[in-house]
Amino acid sequence: MAYFCWFFFLFAILVSSNLGSSSDDKGPIRPLINVTKHISFRDFSSNNPRLKQDLTLLGSAIVSDEKKSVQIPDPEREGNDLKHLAGRAIYSSPIRFFDLQTQTPASFETTFSFQFEVKSNSSNETLDLGKSVGGSGLTFIIVPDELTVGRAGPWLGMLNDLCDDDYKTVAIEFDTRQNAEFGDLNDNHLGINLGSIVSTAAINASDAGVQLNDGSIHRVWIYYDGRKRFMEIRLAPDGRGYPSKSVYSGLLDLSPYLSEYMFVGFSAATGNHTQIHNILSWNFTSISQASLRIPSTETCQNKIMLQNSTQAEMEHRKTPNSFFIFLAVVILLVIVLINLYFSSYKGDGESMEATTLPEKKQRPRPPNKARRFTIAEIYIATRNFSELQILGSDEKSITYKATILNGCNVVVKRYLTQFFNTHGFEKRQFHKEIKAISRIRHPNLVPIRGWCYDNQETIVVYDFIPNGSLDKWLFGVGVLPWTRRFKVVKDIANSLVYLHSKQLAHKNVKSSSVFLDVSFRAVVGDFGFVLTSAGSTRFESMVSQTADVFEFGVVVLEIVAGRSKKSNPGEQDLLDLAWAMHEVQQKETLVDRRMGAIVNLEQAIRALDIGLLCTLNENKGRPTMEEVVEFLNMEKPIPELPSGRPVSLFPYSSTTGLCSGYACTAFK
């Protein structure tokens, strides 16, 4: 009877809680907030101090002080050959264009003025021969990255061969060549391009009284309503004011071609016929909606506030039916308590404690605090360590992409048992440092979600960073612009300063351990941890912070040069090459030429000097990371570099963590 009463009691509580809520209960209210971004360039004069930070120029794109414009292609190109060139001018920071929760595109409006100057194919002389010689055209683009340069000619610098079918892009083209293979309307048209060079809609510019390549300045206004999926375009000669009639208006759903964050700007190209595409001014405003949960759950206090507000809301919405159900539950509770009281006397010698329900209070865990995962959770997250989930591997570990139960993407690094056994490393010290690092939080460090030591496994769980590792951006497809590279150098330095201030070291600083988040901020992860051999007397050598400084210096050289420290057959080692160029005072030859002319060469040389300084022997001038940050921020002059160079690249083996080569002398 007692068991039946308990069962009925719990069932009644469940029914009461369900009926006490209205059928349309949707949980805490999530108010919508507007995320607004505004861009304004009255002109593109180099006197604007923020121009270099806010505008990324790729390919054959320059800023002209004479015209105060962005020019594509560069009219001063060596040899004056302006055929088959492409370039882009992109706002350097990503902009939120899509709300994932509501699947709603952002609303935006933009206006810009442009001018096409027709050039001959053999000189910089401007021709006035009308539309028969101009080509190819300009686009206003929304693209997923700030690194890709599209193909020249009819592709207008918008797409290239590396852009697959999933490359999301939106473009408004202003085309001055008719390409029949793309279904062009004529050689004086606008087009709306959605993920393709073939226009979804085409508009004759002549209908607006505009000849795109007549040498005049023209202005365009583009308006898009994300909620209504409605676009409107107006075009007129500059100076005539806002046109009363649009050249295009209609429903247009951009959501299939947008990611949450994208980059906005311009692209242009030339083919067999050439012209200079000038962008003279640009204003852009976007408004996207995002859901905001109030109060925030980031603190324990706010969790209590959320709980209280939810309870108050529930009480406000109680109905008479729920009150009677509650009354019935109270009566049942009294019956159960009476039953428990009398049943406590059953049997001789039975303890009163036998009927007492243990009460175990769980201490609330702070949000985002690293925790211990069970091996079952890891199996589920990695789909039983499926090969399809593998991101990479090395001699000591295998790395998997995984999804934990709350839906978050993470990276699971599984250390190989045979690696510990072969090298005789002590797991206890290894686990101790994992916990120490997991307590560290910094904007430029990848957070550790937790660890797992079940079944003799050693597993570390990191946050997943969607843009991947730095080495893929430096040595793979695309070109990372200098402003972004220099910011990465500073981000890495800041992360190491913080670690060192906590008497910790990273011990695995390399370009593949640096990751780029959605805003291309550098975050350092994939920690080396301690791999201490039993009885080892060189513990300090393996974990020394000076080794971090050395490896940081090598990463800086990679960032500036755009090539890996690992030399290809027949190539000189990067560090040896950098010291050799320093000796002959030709360090500028190391700067990655793929970045084009828009590089602050003085800044790049300074970064090279800092990188070389970090590879010095400690007693010969190797700085601390605090000093490195001062050098990068121009707060302290860089000491003069010696003419000699180190004879070995790396402070310790990436496989065993044991000190080797030149850098070991730093500890002697």
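Refer to the structure presented above.
Basis of the calculations
- Residues numbered from 1 in each chain as written.
- Predicted model: local features only at pLDDT ≥ 70, side-chain atom pairs only at ≥ 80, totals over all residues.
- Heavy atoms only, no water.
- Core = buried A, V, L, I, M, F, W, Y, C linked by side-chain atoms within 4.5 Å.
- Buried < 20%, exposed > 50% of the residue type's maximum accessible area, 1.4 Å probe, protein only.
- Helix = DSSP H or I, 4+ residues; strand = E, 2+ residues; numbered from the N terminus.
- Arc of directions from axis to C-beta.
- Contact = heavy atoms within 4.5 Å.
- Pairing = 2+ DSSP bridges.
- Axes fitted to C-alpha atoms, helices over the stretch in contact; angles between N-to-C directions.
- Salt bridge = Lys/Arg side-chain N within 4 Å of Asp/Glu carboxyl O.
- Polar contact = N/O pair within 3.5 Å; in protein donor to acceptor, adjacent residues only side chain to side chain.
- Expected span 1.5 Å × (residues − 1).
- Phe/Tyr/Trp six-rings, centres within 6.5 Å; stacked < 30°, edge-to-face > 60°.
- Lys NZ or Arg CZ within 6 Å of the ring centre and 35° of its normal.

J.: What exactly am I supposed to notice about the nonpolar core here?
T.: Soluble globular proteins tend to bury their nonpolar side chains together. Counting 88 residues, the largest nonpolar core has Ile492, Phe529 and Phe552 as the members making the most contacts within it. Examining the composition of this core, we find that 10 residues originate from one element, helix 11 (residues 545-561), more than from any other.

J.: Is there a simple way to explain helix 5 (residues 375-382) in this structure?
T.: Owing to its 3.6 residues per turn, the α-helix brings residues three or four apart onto one side. By the burial criterion, the buried members of helix 5 are Ile375, Ile378, Ala381 and Thr382. Down the axis of helix 5, the buried set is contained in an arc of 120°. They therefore lie on one face. Buried positions along helix 5 lie against strand 21 (397-403), strand 22 (409-415), strand 23 (448-452) and strand 24 (458-463). Of the residues trailing helix 5, Arg383 is marked for its positive phi of about 55°.

J.: Just to check I follow, could you spell out the sheet that holds strand 24 for this structure?
T.: Within a sheet, adjacent strands bond to each other through the backbone by hydrogen bonds, running parallel or antiparallel. The strand order 19-23-24-22-21-20 describes an open sheet built from 6 strands, whose pairing is mixed. Edge positions in the sheet fall to strand 19 (371-372) and strand 20 (390-393), since each of these pairs with one other strand and no more. Judged from the 4 bridges that link them, strand 23 and strand 24 form a sheet pairing that is antiparallel. Counted as the bridge partner of Cys452 is Ile459 from strand 24. Relative to strand 23, helix 7 (residues 427-438) is tilted by about 155°, and along the sheet it contacts strand 22, strand 23 and strand 24.

J.: Would you take a moment to explain the pairing of strand 4 (residues 69-72) for this structure?
T.: Two faces make up the sheet, and in a regular strand the side chains alternate between them. Here strand 4 shows two buried faces, one formed by Ser69 and Gln71 and the other by Val70 and Ile72. Taking the residues that link successive antiparallel strands as the turn, the strand 3 (residues 62-64)-strand 4 hairpin has 4 residues, and the phi of Lys68 there is positive, at about 55°.

J.: Whenever I open this one, unusual backbone geometry confuses me. Can you help?
T.: Note: most peptide bonds trans; most residues except glycine with negative phi. Cis geometry is found at the peptide bond from Ile72 to Pro73, where omega equals 0°. Summarising the element assignment, Pro73 is placed in the loop between strand 4 and strand 5 (86-91). With a phi close to 55°, Lys68 is a non-glycine residue in the positive phi region. Looking at where Lys68 falls in the secondary structure, it is placed in the loop between strand 3 and strand 4. Residue classification places Lys68 among the partly exposed residues on the basis of a relative accessible area of 41%.

J.: Would you explain the pattern of salt bridges in this entry?
T.: Oppositely charged side chains are able to pair whenever their charged atoms sit close together. Counting across every chain of the model gives 20 salt bridges. Of the charged contacts, one joins Arg96 and Asp99 as a salt bridge, the two residues approaching to 2.9 Å between their closest N and O atoms. One exposure class covers both Arg96 and Asp99, and it is buried. Here Asp592 ties to Arg594 by a salt bridge, and the two come within 2.9 Å at their closest N and O atoms. Connected via shared salt-bridge partners are Arg96, Asp99 and Glu260.

J.: Would you mind showing me how to read the side chain of Thr169 here?
T.: Here Thr169 shows up in the loop between strand 10 (137-143) and strand 11 (170-175). On the basis of relative accessibility, which here comes to 1%, the residue Thr169 falls in the buried class. A polar side-chain atom of Thr169 sits 3.4 Å from the main-chain carbonyl oxygen of Ile142. Once residues lying within four places of it in the same chain are set aside, the contact partners of Thr169 are Ile142, Val143, Met158, Leu159, Asn193, Leu194, Gly195 and Tyr257.

J.: For this particular structure, what's the right way to read helix 13 (residues 601-614)?
T.: Between its terminal C-alpha atoms helix 13 stretches 20 Å, which fits the 20 Å expected from 14 residues at 1.5 Å a residue. Counting buried positions over the 14 residues of helix 13 gives 11, a clear majority of the element. Of the residues making up helix 13, those classed as buried are Ala604, Ile605, Arg606, Ala607, Leu608, Asp609, Ile610, Gly611, Leu612, Leu613 and Cys614. Those residues of helix 13 that are buried are in contact with helix 9 (482-501), helix 11, helix 12 (574-583) and helix 14 (625-632).

J.: How should the packing of aromatic side chains be read in this particular structure?
T.: Evaluation of the coordinates by the stated rule reveals 24 aromatic pairs. Measuring from ring centre to ring centre gives 5.9 Å for Phe108 and Phe284, while their planes differ by 25°; the resulting arrangement is stacked. With Phe108 in strand 9 (residues 107-118) and Phe284 in strand 18 (residues 275-291), this pair connects stretches of sequence that are 176 residues apart. For the residue pair Phe108 and Phe284, the accessibility class agrees, reading buried in each case. Pairing Trp221 with Tyr242 gives two aromatic rings, centres 5.4 Å apart and planes at 85°, and the pair type is edge-to-face. With Trp221 in strand 14 (residues 217-225) and Tyr242 in the loop between strand 15 (230-237) and strand 16 (248-251), this residue pair connects regions lying 21 residues apart in the sequence. For Trp221, a relative accessible area of 19% puts it in the buried group. Take Tyr242: its relative accessible area is 52%, and that puts it in the exposed class. The ring of Phe385 has Arg414 sitting right over it, with the charged end atom 3.8 Å from the ring centre.

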